Each structure stands twice: as structure tokens, then as C-alpha cells.
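Survey of secondary and tertiary structure
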Amino acid sequence: MISIIENITNSFESIRANKLRSSLSMLGIIIWVSSVIILTAIWNWSQQSITLKIQELGTNILTISAGWWVGWVNTKATSKDILSAKIVKSIKENVKWLDSVLPIITSNWQLVYWANNMSASIMWVTNDFFKAKNLTIEYGSNLTDKNQNDLDKVAVIGQDVATTLFPNNNPVWKKVKMGNNVFLINWVIATSSTYGSYIFVPITTESIRITGQKYYSQIMIAVTDSTQVTSKQTEIDTLLQKELKVTDTSNLPYRIRNQSEMLSNMSSITGTLTMLLAWIAWISLLVWGIWVMNIMLVSVTERTREIWIRKAIWAGKADILMQFLTEATSLSLIWWWIGIAFSYWVVSLLNHFSIRAIITTNSIFVSFLFSLWIWVIFWLLPAYKAAKLRPIDALRFE
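Here we summarise the structure given alongside this text. Quantities reported herein were computed from a predicted structural model and do not represent experimental measurements. One numbering rule holds for all chains: residues counted from 1, following each sequence as written. Given that this is a predicted model, residues contribute local features only at a pLDDT of at least 70 and side-chain atom pairs are listed and counted only at 80 or more, while totals for whole chains, interfaces and linings are drawn from all residues. For the side-chain quantities, the full set of heavy atoms in the structure was used; hydrogens and water were omitted.

A look at the packing of helix α3 (residues 85-94) against helix α8 (residues 229-243)
Using the following cut-off: Each axis is a line fitted through C-alpha atoms, and for a helix only the stretch in contact is used; angles between axes span 0 to 180 degrees, taken between their N-to-C directions. Secondary structure elements are defined from DSSP: runs of H or I of at least 4 residues count as helices, runs of E of at least 2 residues count as strands, and each element is numbered from the N terminus. Oblique is the label for every angle not falling under 35 degrees (roughly parallel), over 145 degrees (roughly antiparallel), or within 65 to 115 degrees (roughly perpendicular). Left-handed is the label given to a crossing in which the near helix is rotated counterclockwise from the far helix by less than a right angle, and right-handed is the label when the rotation is clockwise. Note on contacts: a residue pair is in contact if any heavy atoms of the two residues lie within 4.5 Å. Residues are sorted three ways: Asp, Glu, Lys and Arg are charged, Ala, Val, Leu, Ile, Met, Phe, Trp, Tyr, Cys and Pro are nonpolar, and all the rest, Gly among them, are polar.
The N-to-C vectors of α3 and α8 enclose an angle of 135 degrees; their axes lie 11 Å apart at closest approach. Classified by the interaxial angle, the pair formed by α3 and α8 is oblique. Remark: the crossing between α3 and α8 carries right-handed chirality. Across the interface between the two elements, K86, I87, S90, I91 and N94 of α3 pack against E235, I236, L239, L240 and E243 of α8. When grouped by side-chain class, the residues that make up the contact of α3 with α8 number five nonpolar, two polar and three charged.

Here we look at the pairing of strand β10 (residues 198-202)
How we decide: Buried, partly exposed and exposed residues are distinguished by accessible area as a fraction of the type maximum, computed with a 1.4 Å probe on protein chains only: under 20%, between the cut-offs, and over 50%, respectively. By this definition, two strands are paired if DSSP reports at least two bridges between them.
Here β10 lies mainly inside the structure; four of its five residues are buried. In this sheet, β10 lies alongside strand β5 (residues 116-125) in parallel orientation, the contact comprising five bridges. Each residue of the ladder has a partner; that of I122, found in β10, is I199. One ladder, built from two bridges, connects strand β7 (residues 154-157) with β10; its direction is antiparallel. From the neighbouring strand, I157 faces β10, where its bridge partner is I199.

Topic: the environment of K317
Relative to the helices and strands, K317 is located in helix α11 (residues 317-350). Judged by relative accessible area, which is 55%, K317 ranks as exposed. Sequence-wise, K317 and K385 are 68 residues apart; in three dimensions their C-alpha atoms are separated by 9.9 Å.

Observations concerning the pattern of salt bridges
As a reminder of what qualifies: For this document, the term salt bridge refers to a Lys or Arg side-chain nitrogen within 4 Å of an Asp or Glu carboxyl oxygen.
Going through the model one piece at a time under the given rule, you end up with two salt bridges. A salt bridge links E235 to K232, with the shortest nitrogen-to-oxygen separation between them at 3.4 Å. Placement of both E235 and K232 in helix α8 is noted, with a separation of three residues, approximately one turn of the helix. The exposure class of E235 is partly exposed, given its relative accessible area of 33%. On the basis of relative accessibility, which here comes to 7%, the residue K232 falls in the buried class.

As for the pairing of strand β11 (residues 218-223)
Across the six residues of β11, six count as buried, placing the element largely inside the fold. The side-chain alternation of β11 yields two buried faces, one formed by Q218, M220 and A222 and the other by I219, I221 and V223. In this sheet, β11 lies alongside strand β1 (residues 61-66) in antiparallel orientation, the contact comprising five bridges. By the bridge assignment for β11, S65 is matched with Q218. As defined by bridge partners, strand β4 (residues 98-113) adjoins β11 across six bridges and the pair is classed as antiparallel. Looking at β11, one finds that L98 is bridged to V223.

Below is the structure:
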């Protein structure tokens with residue numbers, strides 16, 4: 001019986017003797033291993049980005065949006081008599097364990113600063129909005145009660161707005177034109193992917209000084225205990241139906257969104273997409289395995305003389321089988337390491353383009369198991385064929 005060390009030595013000698021075949025095998029392993037690791041890394045980054053964006057909105061936040069809804073379709077973008085100050089007051093008085101109830105008016109305006117301009121989403125808010133959303137200051141000062149009481153034309157802007165309108169300047173205390181009005185910028189929000197392209201203005205300035213709008217686009221509610229979000233949603237829904245005298249619950253004039261439900265639904269969607277990615281990997285693995293088997297069947301034919309010589313010096317079927325399987329394992333391990341190194345190089349390159357791909361040990365371990373498995377399984381038939389060769393077959397081949 002030939003020792004394992006001798007089999008490994010023979011395997012490396014065979015790899016060196018068949019450089020072209022080994023190179024083709026190498027290419028297959030590197031491509032598959034690196035593809036699995038890189039795709040998994042990008043997928044992990046995508047999942048974390050989506051989850052982070054939802055969490056930035058606040059998992060303890062309920063948002064009531066105005067409009068006539070049928071199922072999940074908003075058939076009327078705004079409503080003139082749905083979300084009023086009376087509704088806000090009723091929620092504050094009747095629903096307990098709420099941190100804040102914040103009315104919001106939304107619109108879209110064109111912003112202009114000298115030669116720079118952009119379209120941005122405007123949110124007319126109260127001062128408590130920033131605390132509820134955990135938005136921190138980059139530089140400048142927050143909206144104050146004096147701004148709200150004096151109906152000041154001041155604004156808070158996100159990072160994207162600051163970069164676009166003021167690429168080389170500090171935007172604080174600069175004036176930007178919105179429609180026919182000029183607003184003074186007094187605060188820039190720290191980096192936030194969710195609110196980067198938003199601009200925030202005192203809600204009193206909109207509702208009293210500019211348009212006189214008395215009804216809100218949204219009411220944002222921060223629940224004290226995040227575990228009570230669902231129960232508070234039900235309680236608020238019942239209250240709204242009573243206040244608005246809703247008779248048809250299938251056609252509500254508002255929609256209550258629960259960020260926790262959004263996070264749960266997104267987790268379910270990403271789970272489904274993960275399964276899809278896994279099936280694609282399985283199919284590519286099967287195709288690659290068949291290709292490997294073809295290469296090895298050709299290799300057995302090419303090495304008929306070698307197999308005959310080994311059998312002539314009393315190598316048994318187990319020895320031949322072990323030689324081919326050891327060669328398969330050696331190739332798998334060598335090129336698996338190269339595939340990992342290549343994956344890290346590609347991921348580091350992607351990270352320079354704002355794609356924060358994340359390589360996990362799980363993806364490396366899974367790629368190793370599958371690469372080893374595919375080589376051993378799909379080499380069994382060629383190895384078994386080699387082990388069954390008789391010396392007379394080798395003589396006929398020669």
C-alpha cells in the first residue's frame with residue numbers, strides 16, 4: 001500500500017508534468033471560489049445597507065400618511081381635511097407612552113445658489129423631529145423655538161444638498177432660494193444616507209407665512225417602548241377611524257406605516273433573494289463539476305501508460321484511486337487559496353468605489369467545502385476508471 005505522503009508527492013509531480021491541464025483546472029477553481037466569495041461579500045453589504053437605512057428611520061417610529069388608500073396604493077397623494085392639528089392633539093391626549101407626535105408637511109422645490117441648483121425634498125417640521133430621528137449636527141445650529149415662533153425663513157440641509165449647492169464653501173449662514181422665497185441655512189446634518197438630499201424648514205413658516213396650509217402630509221409618532229409599536233399602531237388606528245368617522249375600513253383616507261414591519265418584510269425579501277443566489281451557485285457548481293469530469297476523463301486516457309507502469313510494479317486499485325483523489329484534493333487546496341487571495345484583491349478594489357463589500361469567514365469556509373466536494377465527487381468516476389484499467393488495455397493503447 002502506497003503511503004499518503006508518497007501519494008501527495010506523486011500528485012504534485014503529476015501537476016507539474018501536466019501544466020496545461022492543471023492550469024485549466026486552476027482557472028475553474030479560482031473563478032468559482034472567487035465568484036462565491038465576492039458575490040457573498042457584495043450581498044452582505046447590500047443587506048446591511050438596506051437594514052441600516054430602515055433602522056435610520058427608527059424602529060420605534062410610526063408614520064401616518066395622508067391620502068385615500070386602496071390596499072397599498074395611494075389613489076390621492078394629499079388630502080385637504082385628513083391630518084389636522086385636531087388629530088395631533090387627540091393622539092397626544094388619548095394615547096399614552098408616546099415620546100413625540102410630530103406633524104410634517106412635505107413638498108418638492110428647486111433650490112438655487114448662484115449657478116448651482118438642484119431638486120430637493122422639503123420637510124416642514126417641528127424642532128423635535130431631529131431628536132426623534134437621532135439626526136446629529138455637522139456644523140451650525142439647530143432650529144429653535146424662536147425660529148418657529150417668529151416664522152423665520154431658516155433651513156437645515158443634508159450632506160448631499162450641501163455638497164451639490166456648496167461644493168467648495170461652508171453652507172452655514174448662506175442664503176438659498178426656494179421658489180420665490182430665500183432661506184438662511186443655519187445647520188448641516190451629519191452624514192445620513194436617508195436624509196442627505198432633504199432640506200428642513202420650520203413648519204410654522206410654511207403653515208402661516210408662506211402657503212397657509214393647515215393640514216399635514218404626515219404625522220410621525222415616536223413610541224417610548226419599541227416593543228409596544230404594534231399595539232400602539234392598533235390603538236392609533238382605532239382612534240383615527242373614530243375621529244375621521246371612517247365607515248369603510250377597506251378604503252382608509254390614511255396609512256400607518258410601522259418601521260419594524262418594514263424591517264421584518266425586508267428580512268423576508270432578502271432571505272428569498274439569498275435562496276435564489278444559492279440556487280444560481282448550485283447550478284454553476286454542477287456545470288463546473290461536469291467540466292472537471294471531462295478534463296479528468298481525458299487525463300485518464302492521456303496517462304494510460306503511467307497507470308500501466310504503476311500497476312506493473314504492484315500498485316493496486318486502491319493505490320490508483322487514492323493517487324487521483326489526492327491529486328484532486330491537492331489541486332483544490334492550492335487554487336482555493338489563490339481564489340481567496342484574488343477575492344480579497346477584488347473586494348479591496350470595489351471598496352474604492354463606495355461599495356463596502358464584506359467578506360465573511362462563512363463564505364470562505366463554504367467555498368472551501370464546495371470546491372473540495374466538487375473535485376472529489378466529480379473525480380470519482382475518472383479515478384475509478386483509472387483504477388480498473390488492466391495492463392493489457394495499456395498495451396493495446398500503446
